Amino acid sequence: MQEKEKFSEDARRKIVTEVLSGTLTKEQARHVYGIKSKSAILEWMRIFAGLERRVPKDPLPILRNMSEKQDSNSELKARIKQLEEELKLSQLKGRAYQIMVDIAKEEYGLDLEKKSGAKQFKDSKKKNQG
C-alpha cells in the first residue's frame, strides 16, 4: 500500500509509460524507483487502462491506445497554436486596413467604408432581375 501513497498519479503514469515504451522492464522500474510491491506496476497499468483488479484482460493494448491519444492531443495543441498565430495575423491585417481607410479619409477625403443600406444603381437592379 505504500506505493499508492508514495507515488503521485503523474509519477505512476510516467513509470507505466516507461515500461510500455520499452525504456524499462517492470523489474528495472521497480529497482530504479524503489517500488517494493512486485505487482504495483501491473496494477497501475490496469487502473490507467480502466480495468478492475480481478479482470484477467491484458491492459497493454488499451494503454498503448492511451499513449496514441496523448500524441493526438499534442497534434491538436500544435494546431491550436497555429490557428492562434493565424488569428493574430488576420487581426493585424484588419487593423492595417482600418488605418489605410482612416488615412484615405483624412488625407484625400475618400470614404472607402461601405455604407449599410446603400442604394443600388438603377441599372444594376435591371440586370439582376432580367
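This text goes with the structure placed above it.
Before going into details, it helps to say that this report is about the structure given with it. This is a predicted model, so every value here is computed, not measured.

Per the secondary structure count, the protein includes 6 helices and 0 strands. Nonlocal contacts in the protein, meaning residues at least 24 apart in sequence, comprise 37% of its contacts between residues at least 6 apart. Of the roughly 11,000 Å² that the protein leaves accessible, carbon and sulfur atoms contribute 53%.

The subject of this paragraph is a nonpolar patch on the surface. Together, Tyr97, Met100, Tyr108, Leu110 and Leu112 make up a nonpolar patch on the protein surface, roughly 590 Å² of accessible area in all. Residue position: Tyr97 is located in helix H5 (residues 60–108). Residue Tyr97 is classed as partly exposed on the basis of its relative accessible area of 45%.

The next subject is the pattern of salt bridges. Any two side chains of opposite charge can pair, given that their charged atoms come close. A complete count under the given rule lists 4 salt bridges for this structure. Residues Arg13 and Glu9 are paired through a salt bridge, measuring 3.1 Å at the closest nitrogen-oxygen approach. Highlighted residues: Arg13 and Glu9, both in helix H2 (residues 9–21), separated by 4 residues, approximately one helical turn. Here Arg13 falls in the partly exposed class, since its relative accessible area comes to 28%. Overall, Glu9 belongs to the partly exposed group, its relative accessible area being 42%. The partner of Arg30 in a salt bridge is Glu27, with the nearest N and O atoms 2.8 Å apart.

Turning next to the nonpolar core. One finds Ile15, Val16, Ile35, Ile41, Trp44, Met45 and Leu63 to be the most contacted residues of the largest nonpolar core, which totals 15 residues. Sorting the residues of this core by element identifies H2 and helix H4 (40–48) as the ones contributing at least two each. It is H4 that provides the largest number of residues to this core, a total of 5 residues. Those residues within four positions of Ile41 in sequence are excluded, and the remaining contacts are Ile15, Val16, Val19, Lys26, Ala29, Arg30 and Ile35.

Residues Asp102, Glu106, Glu107 and Glu113 make up a contiguous surface patch of negative charge. Tracing the sequence through the fold places Asp102 in helix H5.

With that out of the way, let us pick up the packing of H2 against helix H3 (residues 26–33). Here H2 crosses H3 at 145°, and the two axes come no closer than 9 Å. Between H2 and H3 lies a crossing of right-handed hand. Together, Lys14, Ile15, Glu18 and Val19 of H2 and Lys26, Ala29 and Tyr33 of H3 make up the contact between the two elements.

About the criteria used
- In this numbering scheme, every chain counts its residues from 1 along its sequence in written order.
- In view of the model being predicted, local features appear only for residues whose pLDDT reaches at least 70, and side-chain atom pairs are presented and counted only at 80 or more, with totals across whole chains, interfaces and linings using the full set of residues.
- Neither water nor hydrogens contribute to the side-chain values; these are computed over all heavy atoms in the structure.
- The numbering of helices and of strands both runs from the N terminus, where a helix is a DSSP run of H or I of at least 4 residues and a strand a run of E of at least 2.
- Only heavy atoms enter the contact rule, under which two residues are in contact if any of them lie within 4.5 Å.
- Here the open area of atoms and residues is found with the Shrake-Rupley method and a 1.4 Å probe, where only the protein chains shown may cover a residue.
- For patches, a residue must show more than 30% relative accessible area and have no salt bridge; joins then use 9 Å for like charges and 5 Å for nonpolar side chains, namely Val, Leu, Ile, Met, Phe, Trp and Tyr.
- Counted as salt bridges are all cases of a side-chain nitrogen of Lys or Arg within 4 Å of a carboxyl oxygen of Asp or Glu.
- Only protein chains enter the area calculation, which uses a 1.4 Å probe; residues under 20% of their type maximum are buried, those over 50% are exposed, and those in between are partly exposed.
- Only buried Ala, Val, Leu, Ile, Met, Phe, Trp, Tyr and Cys residues count toward a nonpolar core, and they belong to the same one when joined by side-chain atoms within 4.5 Å.
- Only four residue types enter the charge count, namely Lys and Arg as positive and Asp and Glu as negative; His and the chain termini do not.
- By convention, the point assigned to a charge is CZ for Arg, NZ for Lys, CD for Glu and CG for Asp.
- Interaxial angle, 0 to 180 degrees, is taken between N-to-C directions of lines fitted to C-alpha atoms, where a helix line uses only the stretch in contact.
- The hand of a helix crossing depends on one turn: near helix anticlockwise from the far one by less than a right angle means left-handed, and clockwise means right-handed.

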